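Structural overview
So the chains spell out like this:
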Amino acid sequence: MLNPFYAAFLLAVEAQKVIELRLVRIAWGGAEGQAEIVSMVGEKVVAAMEAANTLMAGGSHGDVIARYRELVADNTHRLMAGAGIGDDRR
């Protein structure tokens, strides 16, 4: 298990790629840009509710961070595939 501060740092670094990819998609505009905005807002609401449920059920902050990192990784993969960028995970 990672140190919670280190895991939070990794989350911040990994989220930067998603922010970059989303901004590019939004800047392109059109239906894809609009869909990304709607998707982004919906995902944030669901993720916040999930985090609150985890904490209320006795989960740790580390559990919440680990789940957010999974969501960020999924979004990175989805956005990179949508942009035609190869997946560099092995």
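Let me sum up the structure you'll find in this document.

Rules behind the numbers
- Residues numbered from 1 in each chain as written.
- Predicted model: local features only at pLDDT ≥ 70, side-chain atom pairs only at ≥ 80, totals over all residues.
- Heavy atoms only, no water.
- Helix = DSSP H or I, 4+ residues; strand = E, 2+ residues; numbered from the N terminus.
- Contact = heavy atoms within 4.5 Å.
- Areas by Shrake-Rupley, 256 points an atom, 1.4 Å probe, with all protein chains shown as cover.
- Patch = residues over 30% accessible without salt bridge, like charges linked within 9 Å, V, L, I, M, F, W, Y side chains within 5 Å.
- Salt bridge = Lys/Arg side-chain N within 4 Å of Asp/Glu carboxyl O.
- Buried < 20%, exposed > 50% of the residue type's maximum accessible area, 1.4 Å probe, protein only.
- Core = buried A, V, L, I, M, F, W, Y, C linked by side-chain atoms within 4.5 Å.
- 1 Å grid on protein atoms, 1.4 Å probe; cavity = no way out; pocket = protein on both sides within 12 Å on 5 of 7 lines; lining within 4 Å.
- Points joined across faces, edges and corners; volume = space filled by probe spheres on them.
- Nonpolar A, V, L, I, M, F, W, Y, C, P; charged D, E, K, R; others polar.

Broken down by element type, the protein chain carries 3 helices and 0 strands. Beginning at the N terminus, the succession of helices and strands in the protein chain can be written as α-α-α. A fraction of 61% describes how many contacts in the protein chain between residues 6 or more apart in sequence connect residues 24 or more apart. Of the roughly 6,200 Å² of accessible surface on the protein chain, 66% is carried by carbon and sulfur atoms.

Turning next to a nonpolar patch on the surface. Where nonpolar side chains cluster on the molecular surface, the patch consists of Ile37, Val41, Val45 and Met49 and spans about 340 Å² of accessible area. Relative to the helices and strands, isoleucine 37 is located in helix H2 (residues 30–56).

Okay, the environment of isoleucine 65 next. With respect to the helices and strands, the residue isoleucine 65 is situated in helix H3 (residues 61–82). As a C-alpha pair, isoleucine 65 and alanine 8 span 57 residues in sequence and 6.4 Å in three-dimensional space. Beyond its immediate sequence surroundings of up to four residues, isoleucine 65 is in contact with Pro4, Ala7, Ala8 and Leu11.

As for its placement among the helices and strands, threonine 76 is situated in helix H3. For threonine 76, a relative accessible area of 16% translates into the label buried. Residues within four places of threonine 76 in sequence aside, it is in contact with Glu14, Lys17, Val18 and Leu21.

What follows covers the nonpolar core. Within the largest apolar cluster, 8 residues are counted, these being Ala7, Leu11, Val18, Leu21, Ile65, Val72, Leu79 and Met80. Elements with a contribution of two residues or more to this core: helix H1 (4–28) and H3. Excluding anything up to four places from it in sequence, leucine 79 contacts Val18, Leu21, Arg22, Arg25 and Glu36.

Before going further, it helps to examine the layout of surface pockets. Put simply, the largest pocket is a space of about 390 Å³. Listing elements by their share of the lining of the largest pocket, those giving two or more residues are H1, H2 and H3. Grouping the constituent residues of the lining of the largest pocket by class yields 11 nonpolar, 1 polar and 6 charged.

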